[in-house]
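# Observations on the model geometry
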Amino acid sequence: MTDLSTTYLGLELKNPLVASASPLSKKIENAKKLEDAGVSAIVMYSLFEEQIIHESLELDHYLTRGTNSFAEAMTYLPDIGTYNMGPDRYLDHLSALKKAVSIPVIGSLNGVSRGGWVHYARLIQDAGADAVELNMYYLSADPDLGGQELEDNYVDLVAEVKARIDIPLAVKLSPFVTALPNFARRLVTAGADGLALFNRFYQPDFDLEELEVVRTLELSASRDLLLPLRWISILYGKVDADFALTSGIHTAQDVLKAMMAGAKVAMTASMVLHDGYESITSVLDDLKTWMDEHEYESIKQMQGSMSQQSVAEPAAFERSNYIKILSEFRDLP
Ligand SMILES: Cc1cc2nc3c(=O)[nH]c(=O)nc-3n(C[C@H](O)[C@H](O)[C@H](O)COP(=O)(O)O)c2cc1C
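## Some words on the overall build of the protein chain
Helices and strands together make up the secondary structure of the protein chain, namely 13 helices and 12 strands. At 21 Å, the protein chain has a C-alpha radius of gyration in line with the 20 Å of a compact globule built from 333 residues. In terms of overall dimensions, the protein chain has C-alpha extents of about 70 × 50 × 45 Å along its principal axes. The proportion of buried residues among the 333 residues of the protein chain is 49%. Pairs at least 24 residues apart make up 71% of the contacts formed inside the protein chain by residues separated by at least 6 positions. For the protein chain, the accessible area works out to roughly 17,400 Å², and carbon and sulfur atoms hold 52% of it. Within the protein chain, one finds 28 positive and 48 negative side-chain charges whose respective centroids are separated by 4 Å.

What follows is the structure, given as C-alpha coordinates:
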(Lines give C-alpha, C1' and ligand atoms only; values in the text may rest on other atoms or scores of the structure.)
Protein backbone atom coordinates (compact mmCIF):
# COMPACT_ATOMS: atom_id res chain seq x y z
CA MET A 1 0.00 0.00 0.00
CA THR A 2 1.39 3.39 -0.98
CA ASP A 3 1.47 5.65 2.05
CA LEU A 4 0.64 9.26 1.14
CA SER A 5 0.49 10.51 4.72
CA THR A 6 2.57 13.40 6.01
CA THR A 7 2.66 15.71 8.99
CA TYR A 8 2.50 19.51 9.00
CA LEU A 9 2.60 21.73 12.10
CA GLY A 10 2.12 18.63 14.22
CA LEU A 11 -1.04 17.70 12.32
CA GLU A 12 -1.33 14.19 10.90
CA LEU A 13 -2.45 14.56 7.29
CA LYS A 14 -3.65 11.78 4.99
CA ASN A 15 -1.76 13.22 2.01
CA PRO A 16 0.44 16.24 1.20
CA LEU A 17 -2.08 18.21 -0.92
CA VAL A 18 -3.54 21.14 1.04
CA ALA A 19 -5.91 23.86 -0.17
CA SER A 20 -4.18 27.21 0.40
CA ALA A 21 -5.96 30.43 1.31
CA SER A 22 -8.38 31.40 -1.47
CA PRO A 23 -12.05 32.21 -2.05
CA LEU A 24 -12.66 28.43 -2.18
CA SER A 25 -13.07 28.45 1.59
CA LYS A 26 -15.65 31.24 1.56
CA LYS A 27 -18.57 28.86 1.16
CA ILE A 28 -18.99 25.82 3.37
CA GLU A 29 -20.26 23.77 0.41
CA ASN A 30 -17.07 24.55 -1.54
CA ALA A 31 -14.87 23.64 1.42
CA LYS A 32 -16.72 20.31 1.55
CA LYS A 33 -16.06 19.81 -2.15
CA LEU A 34 -12.34 20.37 -1.45
CA GLU A 35 -12.51 17.74 1.26
CA ASP A 36 -14.48 15.28 -0.88
CA ALA A 37 -12.01 15.73 -3.74
CA GLY A 38 -9.24 14.70 -1.36
CA VAL A 39 -7.28 17.64 0.11
CA SER A 40 -5.89 16.80 3.53
CA ALA A 41 -6.35 20.26 5.12
CA ILE A 42 -7.76 23.68 4.27
CA VAL A 43 -6.23 27.08 4.91
CA MET A 44 -9.02 29.65 5.17
CA TYR A 45 -8.95 32.86 3.14
CA SER A 46 -7.41 35.69 5.18
CA LEU A 47 -8.74 37.99 7.79
CA PHE A 48 -6.93 41.28 7.20
CA GLU A 49 -5.43 43.64 9.74
CA GLU A 50 -7.04 46.52 7.82
CA GLN A 51 -10.45 44.99 8.34
CA ILE A 52 -9.98 44.57 12.04
CA ILE A 53 -8.74 48.14 12.39
CA HIS A 54 -11.58 49.38 10.18
CA GLU A 55 -14.10 47.84 12.48
CA SER A 56 -12.48 49.14 15.64
CA LEU A 57 -12.19 52.64 14.14
CA GLU A 58 -15.84 52.55 13.27
CA LEU A 59 -16.68 51.53 16.80
CA ASP A 60 -14.43 54.26 18.11
CA HIS A 61 -16.16 56.78 15.87
CA TYR A 62 -19.57 55.91 17.21
CA LEU A 63 -18.30 56.13 20.76
CA THR A 64 -16.62 59.52 20.21
CA ARG A 65 -18.80 61.13 17.54
CA GLY A 66 -17.67 64.44 16.13
CA THR A 67 -13.94 63.81 15.74
CA ASN A 68 -12.80 64.63 12.25
CA SER A 69 -9.85 62.26 12.27
CA PHE A 70 -12.26 59.47 11.39
CA ALA A 71 -12.72 60.28 7.69
CA GLU A 72 -9.00 60.78 7.22
CA ALA A 73 -8.10 57.54 8.93
CA MET A 74 -10.61 55.65 6.83
CA THR A 75 -9.08 56.81 3.54
CA TYR A 76 -5.99 54.70 4.22
CA LEU A 77 -7.99 51.56 4.67
CA PRO A 78 -8.95 49.71 1.51
CA ASP A 79 -12.49 48.68 0.85
CA ILE A 80 -12.33 44.91 1.12
CA GLY A 81 -15.65 44.70 -0.72
CA THR A 82 -17.10 41.24 -0.89
CA TYR A 83 -13.82 39.33 -0.37
CA ASN A 84 -14.22 39.18 3.31
CA MET A 85 -17.07 39.35 5.74
CA GLY A 86 -15.67 41.28 8.67
CA PRO A 87 -13.92 39.95 11.74
CA ASP A 88 -16.89 38.54 13.64
CA ARG A 89 -18.40 36.80 10.66
CA TYR A 90 -14.97 35.46 9.74
CA LEU A 91 -14.75 33.78 13.13
CA ASP A 92 -18.31 32.43 12.85
CA HIS A 93 -17.55 31.13 9.38
CA LEU A 94 -14.34 29.47 10.55
CA SER A 95 -16.17 27.78 13.36
CA ALA A 96 -18.95 26.55 11.02
CA LEU A 97 -16.42 25.36 8.46
CA LYS A 98 -14.49 23.48 11.09
CA LYS A 99 -17.67 21.66 12.14
CA ALA A 100 -18.60 20.87 8.53
CA VAL A 101 -15.38 19.09 7.55
CA SER A 102 -13.33 16.43 9.25
CA ILE A 103 -9.92 17.55 7.95
CA PRO A 104 -7.82 20.18 9.78
CA VAL A 105 -8.63 23.85 9.17
CA ILE A 106 -5.96 26.53 9.40
CA GLY A 107 -7.07 30.12 10.02
CA SER A 108 -5.28 32.88 8.12
CA LEU A 109 -4.40 36.24 9.60
CA ASN A 110 -3.00 38.77 7.17
CA GLY A 111 -1.17 41.82 8.42
CA VAL A 112 2.13 43.56 9.00
CA SER A 113 2.07 45.96 11.89
CA ARG A 114 2.13 45.28 15.59
CA GLY A 115 -0.93 46.23 17.57
CA GLY A 116 -4.21 45.13 19.10
CA TRP A 117 -5.37 43.37 15.94
CA VAL A 118 -3.05 40.41 16.63
CA HIS A 119 -5.50 39.43 19.38
CA TYR A 120 -7.48 37.89 16.52
CA ALA A 121 -4.94 35.07 16.41
CA ARG A 122 -6.37 33.98 19.75
CA LEU A 123 -9.93 34.39 18.53
CA ILE A 124 -9.09 32.25 15.50
CA GLN A 125 -7.83 29.59 17.89
CA ASP A 126 -10.97 29.91 20.03
CA ALA A 127 -13.12 29.54 16.91
CA GLY A 128 -11.65 26.06 16.49
CA ALA A 129 -8.74 26.43 14.06
CA ASP A 130 -6.10 23.71 14.20
CA ALA A 131 -3.34 26.22 13.42
CA VAL A 132 -2.84 29.84 12.37
CA GLU A 133 -1.11 30.98 9.20
CA LEU A 134 0.23 34.54 9.42
CA ASN A 135 0.62 36.20 6.03
CA MET A 136 2.93 39.22 6.19
CA TYR A 137 2.21 40.62 2.71
CA TYR A 138 4.06 43.90 2.53
CA LEU A 139 5.88 45.69 -0.23
CA SER A 140 8.46 48.03 1.22
CA ALA A 141 8.40 51.30 -0.73
CA ASP A 142 10.16 53.53 1.77
CA PRO A 143 13.81 54.36 1.00
CA ASP A 144 14.32 55.26 4.66
CA LEU A 145 13.39 51.78 5.83
CA GLY A 146 16.34 49.39 5.82
CA GLY A 147 16.19 45.60 5.52
CA GLN A 148 17.29 44.98 9.10
CA GLU A 149 14.61 47.21 10.57
CA LEU A 150 11.95 45.64 8.38
CA GLU A 151 12.99 42.12 9.32
CA ASP A 152 13.09 43.06 13.00
CA ASN A 153 9.48 44.23 12.68
CA TYR A 154 8.42 40.94 11.14
CA VAL A 155 10.23 38.92 13.79
CA ASP A 156 8.58 40.95 16.56
CA LEU A 157 5.18 40.47 14.96
CA VAL A 158 5.67 36.71 14.81
CA ALA A 159 6.65 36.65 18.49
CA GLU A 160 3.59 38.72 19.36
CA VAL A 161 1.22 36.43 17.50
CA LYS A 162 2.87 33.32 18.93
CA ALA A 163 2.46 34.65 22.47
CA ARG A 164 -1.33 34.79 21.98
CA ILE A 165 -1.88 31.20 20.86
CA ASP A 166 -1.30 27.63 21.94
CA ILE A 167 -1.91 26.10 18.52
CA PRO A 168 0.89 25.92 15.90
CA LEU A 169 1.84 28.95 13.84
CA ALA A 170 2.93 29.04 10.21
CA VAL A 171 4.28 32.18 8.55
CA LYS A 172 3.67 32.86 4.87
CA LEU A 173 6.68 34.63 3.44
CA SER A 174 7.68 36.82 0.58
CA PRO A 175 10.67 35.76 -1.55
CA PHE A 176 12.05 39.32 -1.51
CA VAL A 177 14.43 39.01 1.39
CA THR A 178 18.16 39.58 1.09
CA ALA A 179 19.30 36.74 3.32
CA LEU A 180 16.36 34.36 3.46
CA PRO A 181 17.99 31.51 5.45
CA ASN A 182 18.97 33.89 8.24
CA PHE A 183 15.56 35.57 8.26
CA ALA A 184 13.78 32.20 8.19
CA ARG A 185 15.78 31.00 11.17
CA ARG A 186 14.97 34.18 13.10
CA LEU A 187 11.25 33.66 12.43
CA VAL A 188 11.50 30.12 13.76
CA THR A 189 13.32 31.32 16.87
CA ALA A 190 10.53 33.87 17.34
CA GLY A 191 7.94 31.07 17.29
CA ALA A 192 7.09 30.01 13.74
CA ASP A 193 6.49 26.27 13.58
CA GLY A 194 6.09 26.30 9.83
CA LEU A 195 7.02 28.47 6.86
CA ALA A 196 4.83 28.72 3.76
CA LEU A 197 6.90 29.71 0.72
CA PHE A 198 5.92 31.93 -1.05
CA ASN A 199 3.33 34.65 -1.17
CA ARG A 200 2.62 35.52 -4.80
CA PHE A 201 2.95 39.23 -5.30
CA TYR A 202 0.34 40.67 -7.58
CA GLN A 203 1.94 42.95 -10.10
CA PRO A 204 0.06 45.91 -11.49
CA ASP A 205 0.18 46.77 -15.19
CA PHE A 206 -0.41 50.09 -17.01
CA ASP A 207 -3.29 50.79 -19.38
CA LEU A 208 -1.65 53.13 -21.91
CA GLU A 209 -4.90 54.40 -23.42
CA GLU A 210 -6.63 55.24 -20.15
CA LEU A 211 -3.34 56.05 -18.39
CA GLU A 212 -4.46 54.00 -15.47
CA VAL A 213 -2.87 51.38 -13.30
CA VAL A 214 -4.51 48.03 -13.92
CA ARG A 215 -4.74 45.49 -11.14
CA THR A 216 -4.22 42.00 -12.49
CA LEU A 217 -4.47 38.66 -10.76
CA GLU A 218 -3.00 35.97 -12.95
CA LEU A 219 -3.36 32.43 -11.78
CA SER A 220 -0.09 30.53 -11.50
CA ALA A 221 1.38 27.85 -13.77
CA SER A 222 3.77 25.00 -12.94
CA ARG A 223 6.80 27.13 -13.80
CA ASP A 224 6.02 29.31 -10.74
CA LEU A 225 7.01 26.32 -8.67
CA LEU A 226 10.72 26.82 -9.33
CA LEU A 227 11.26 29.72 -6.95
CA PRO A 228 9.87 28.05 -3.81
CA LEU A 229 11.39 24.74 -4.91
CA ARG A 230 14.87 26.21 -4.87
CA TRP A 231 14.41 27.90 -1.52
CA ILE A 232 12.85 24.95 0.28
CA SER A 233 15.68 22.74 -0.96
CA ILE A 234 18.18 25.26 0.45
CA LEU A 235 16.40 25.75 3.78
CA TYR A 236 15.62 22.08 4.43
CA GLY A 237 17.78 20.71 7.22
CA LYS A 238 19.13 24.16 8.09
CA VAL A 239 16.02 25.79 9.47
CA ASP A 240 13.99 23.78 11.92
CA ALA A 241 10.49 24.33 10.52
CA ASP A 242 7.86 22.46 8.55
CA PHE A 243 7.81 23.82 5.01
CA ALA A 244 4.71 24.31 2.91
CA LEU A 245 5.26 24.96 -0.77
CA THR A 246 2.74 27.37 -2.23
CA SER A 247 2.93 28.66 -5.84
CA GLY A 248 2.70 26.61 -8.99
CA ILE A 249 1.38 23.26 -7.75
CA HIS A 250 -0.62 21.93 -10.73
CA THR A 251 0.40 18.28 -11.24
CA ALA A 252 1.48 15.19 -9.31
CA GLN A 253 5.01 15.86 -10.56
CA ASP A 254 4.87 19.31 -8.92
CA VAL A 255 3.84 17.72 -5.62
CA LEU A 256 6.65 15.15 -5.90
CA LYS A 257 9.21 17.88 -6.53
CA ALA A 258 7.93 19.83 -3.53
CA MET A 259 8.31 16.75 -1.33
CA MET A 260 11.78 15.94 -2.59
CA ALA A 261 12.89 19.53 -1.99
CA GLY A 262 11.82 19.09 1.62
CA ALA A 263 8.25 20.36 1.92
CA LYS A 264 5.82 18.63 4.25
CA VAL A 265 2.84 19.80 2.22
CA ALA A 266 2.14 21.18 -1.25
CA MET A 267 -0.55 23.84 -1.27
CA THR A 268 -2.78 24.72 -4.16
CA ALA A 269 -5.18 27.51 -5.10
CA SER A 270 -4.79 28.35 -8.83
CA MET A 271 -5.08 24.74 -9.99
CA VAL A 272 -8.50 24.30 -8.39
CA LEU A 273 -9.70 27.77 -9.38
CA HIS A 274 -8.72 27.02 -12.98
CA ASP A 275 -9.41 23.29 -13.39
CA GLY A 276 -12.03 22.57 -10.77
CA TYR A 277 -12.22 20.19 -7.82
CA GLU A 278 -11.61 17.09 -10.00
CA SER A 279 -8.03 18.27 -10.50
CA ILE A 280 -7.37 17.44 -6.83
CA THR A 281 -8.51 13.84 -7.28
CA SER A 282 -6.50 13.34 -10.45
CA VAL A 283 -3.32 14.79 -8.90
CA LEU A 284 -3.69 12.39 -5.96
CA ASP A 285 -4.35 9.42 -8.29
CA ASP A 286 -1.34 10.34 -10.44
CA LEU A 287 0.78 10.71 -7.32
CA LYS A 288 -0.02 7.17 -6.24
CA THR A 289 0.57 5.77 -9.72
CA TRP A 290 3.94 7.51 -10.02
CA MET A 291 5.03 6.27 -6.60
CA ASP A 292 4.00 2.69 -7.42
CA GLU A 293 5.83 2.80 -10.74
CA HIS A 294 8.95 4.19 -9.11
CA GLU A 295 8.73 1.88 -6.10
CA TYR A 296 8.29 4.52 -3.44
CA GLU A 297 6.40 3.21 -0.43
CA SER A 298 5.74 6.51 1.28
CA ILE A 299 5.78 10.28 0.90
CA LYS A 300 7.88 10.58 4.06
CA GLN A 301 10.59 8.49 2.45
CA MET A 302 11.12 11.07 -0.30
CA GLN A 303 10.86 14.28 1.75
CA GLY A 304 14.10 16.24 1.46
CA SER A 305 15.77 13.64 -0.79
CA MET A 306 16.63 16.29 -3.40
CA SER A 307 17.38 19.06 -0.90
CA GLN A 308 20.74 20.75 -0.65
CA GLN A 309 21.25 19.43 2.85
CA SER A 310 24.29 17.44 1.79
CA VAL A 311 25.72 20.24 -0.37
CA ALA A 312 28.57 21.75 1.63
CA GLU A 313 28.41 25.19 0.00
CA PRO A 314 24.92 25.81 -1.46
CA ALA A 315 25.79 29.37 -2.48
CA ALA A 316 28.86 28.21 -4.44
CA PHE A 317 26.77 25.35 -5.90
CA GLU A 318 24.11 27.81 -7.09
CA ARG A 319 26.73 30.10 -8.56
CA SER A 320 28.49 27.32 -10.41
CA ASN A 321 25.15 26.14 -11.88
CA TYR A 322 24.43 29.68 -12.96
CA ILE A 323 27.76 29.98 -14.74
CA LYS A 324 27.33 26.54 -16.38
CA ILE A 325 23.84 27.38 -17.64
CA LEU A 326 25.02 30.62 -19.23
CA SER A 327 28.06 29.04 -20.82
CA GLU A 328 26.08 26.09 -22.21
CA PHE A 329 23.43 28.25 -23.86
CA ARG A 330 23.63 27.78 -27.61
CA ASP A 331 24.89 30.69 -29.72
CA LEU A 332 22.75 32.12 -32.49
CA PRO A 333 23.67 30.46 -35.83
C1 LIG B 1 -8.14 34.56 -5.90
C2 LIG B 1 -7.07 34.34 -4.86
C3 LIG B 1 -7.28 34.72 -3.55
C4 LIG B 1 -6.29 34.53 -2.58
N5 LIG B 1 -6.52 34.92 -1.29
C6 LIG B 1 -5.55 34.72 -0.35
C7 LIG B 1 -5.76 35.09 1.00
O8 LIG B 1 -6.83 35.54 1.40
N9 LIG B 1 -4.74 34.92 1.87
C10 LIG B 1 -3.54 34.38 1.49
O11 LIG B 1 -2.65 34.22 2.34
N12 LIG B 1 -3.31 34.00 0.22
C13 LIG B 1 -4.28 34.16 -0.70
N14 LIG B 1 -4.06 33.77 -2.00
C15 LIG B 1 -2.75 33.17 -2.35
C16 LIG B 1 -2.83 31.65 -2.41
O17 LIG B 1 -3.13 31.09 -1.13
C18 LIG B 1 -1.51 31.03 -2.89
O19 LIG B 1 -0.49 31.23 -1.93
C20 LIG B 1 -1.04 31.60 -4.21
O21 LIG B 1 -2.13 31.74 -5.12
C22 LIG B 1 0.00 30.69 -4.85
O23 LIG B 1 -0.47 29.38 -4.99
P24 LIG B 1 -1.06 28.80 -6.39
O25 LIG B 1 0.03 28.83 -7.37
O26 LIG B 1 -1.50 27.40 -6.04
O27 LIG B 1 -2.20 29.68 -6.78
C28 LIG B 1 -5.05 33.94 -2.96
C29 LIG B 1 -4.85 33.52 -4.28
C30 LIG B 1 -5.85 33.70 -5.23
C31 LIG B 1 -5.60 33.23 -6.64
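## Considering a nonpolar patch on the surface
The grouping of Y137, Y202, L217, L219 and L273 at the surface amounts to a nonpolar patch, some 450 Å² of accessible area in total. Position of Y137 relative to the elements: it lies in the loop between β6 (131–135) and α6 (147–164).

## Section: the packing of aromatic side chains
Tallied over the full model, the rule gives 5 aromatic pairs. Ring geometry for Y137 and F201: centres 4.3 Å apart, planes at 25 degrees, overall stacked. Taken together, the residues span a long stretch of sequence, with Y137 in the loop between β6 and α6 and F201 in the loop between β8 (194–197) and β9 (205–207) at a distance of 64 residues. A relative accessible area of 14% means that F201 is categorised as buried. Ring geometry for W290 versus Y296: centroids 5.6 Å apart, planes at 25 degrees, classification stacked. Clustering of aromatic rings is evident, with ring pairs tying together Y137, F176 and F201.

## Some thoughts on helix α4 (residues 87–100)
The periodicity of an α-helix, 3.6 residues per turn, causes residues three or four places apart in sequence to face the same way. In this model, α4 (14 residues) spans 20 Å end to end at C-alpha, consistent with the 20 Å of a helix rising 1.5 Å per residue. Within α4, burial applies to P87, Y90, L91, H93, L94, S95 and L97.

## Some details on the pattern of salt bridges
Throughout the structure, instances matching the rule amount to 10 salt bridges. Here D156 and R114 are joined by a salt bridge, their closest N and O atoms 3.4 Å apart. A residue pair is termed long-range when its members are at least 10 positions apart, and D156 in helix α6 and R114 in the loop between β5 (105–110) and α5 (119–126) qualify at 42 residues. Under the relative-accessibility criterion, D156 is labelled partly exposed at 32%. In this structure, R186 engages D152 in a salt bridge whose closest nitrogen and oxygen atoms are separated by 2.8 Å. Of this pair, R186 sits in helix α7 (residues 180–190) while D152 is found in helix α6, placing the two residues 34 residues apart along the sequence. The exposure class of R186 is partly exposed, given its relative accessible area of 25%. What makes D152 partly exposed here is its relative accessible area of 26%. A single network of salt bridges, built from pairs that share partners, joins R114, D156 and E160.

## Details of the pairing of strand β11 (residues 242–246)
Counting buried positions along β11 yields 5 of 5 residues, so the element is predominantly enclosed. Two elements, β8 and β11, share 4 bridges in a ladder whose sense is parallel. Bridge pairing in β11 links A196 to A244. Note that β11 and strand β12 (residues 265–268) share 3 bridges and pair parallel. Along β12, the bridge assignment pairs T246 with M267. Note that the unit made of β11, helix α9 (residues 252–261) and β12 has a crossover that is right-handed.

## Here we look at the packing of α6 against α7
In the contact formed by α6 and α7, the axes pass within 8 Å of each other and the chain directions differ by 25 degrees. Compared by their axis directions, α6 and α7 come out roughly parallel. The two elements α6 and α7 meet at a crossing, and its hand is right-handed. Here Q148, E151, D152, Y154, V155, V158, A159 and K162 of α6 come into contact with α7, specifically with F183, R186, L187 and A190. Along the lines of polarity and charge, the residues of the contact of α6 with α7 split into 7 nonpolar, 1 polar and 4 charged.

## A few points about the nonpolar core
Residues L109, L187 and L195 are the most contacted members of the largest nonpolar core, which totals 83 residues. Here this core takes 7 residues from α9, the largest share from any one element. With residues up to four places along the chain from it excluded, the contact list for L195 reads V171, L173, A184, L187, V188, V239, A241, D242, F243 and A244. Core analysis: the next-biggest nonpolar cluster, separate from the first, contains 14 residues, Y8, I106, A131 and A170 among them.

Calculation criteria
- Residues numbered from 1 in each chain as written.
- Predicted model: local features only at pLDDT ≥ 70, side-chain atom pairs only at ≥ 80, totals over all residues.
- Heavy atoms only, no water.
- Helix = DSSP H or I, 4+ residues; strand = E, 2+ residues; numbered from the N terminus.
- Rg over C-alpha atoms; globule rule 2.2 N^0.38 Å.
- Buried < 20%, exposed > 50% of the residue type's maximum accessible area, 1.4 Å probe, protein only.
- Contact = heavy atoms within 4.5 Å.
- Areas by Shrake-Rupley, 256 points an atom, 1.4 Å probe, with all protein chains shown as cover.
- Lys, Arg positive; Asp, Glu negative; His and termini not counted.
- Charge placed at Lys NZ, Arg CZ, Asp CG, Glu CD.
- Patch = residues over 30% accessible without salt bridge, like charges linked within 9 Å, V, L, I, M, F, W, Y side chains within 5 Å.
- Salt bridge = Lys/Arg side-chain N within 4 Å of Asp/Glu carboxyl O.
- Phe/Tyr/Trp six-rings, centres within 6.5 Å; stacked < 30°, edge-to-face > 60°.
- Expected span 1.5 Å × (residues − 1).
- Pairing = 2+ DSSP bridges.
- Right-handed = clockwise from strand over helix to strand, strands pointing away.
- Axes fitted to C-alpha atoms, helices over the stretch in contact; angles between N-to-C directions.
- Parallel < 35°, antiparallel > 145°, perpendicular 65-115°, else oblique.
- Left-handed = near helix turned anticlockwise from the far one by under 90°.
- Nonpolar A, V, L, I, M, F, W, Y, C, P; charged D, E, K, R; others polar.
- Core = buried A, V, L, I, M, F, W, Y, C linked by side-chain atoms within 4.5 Å.

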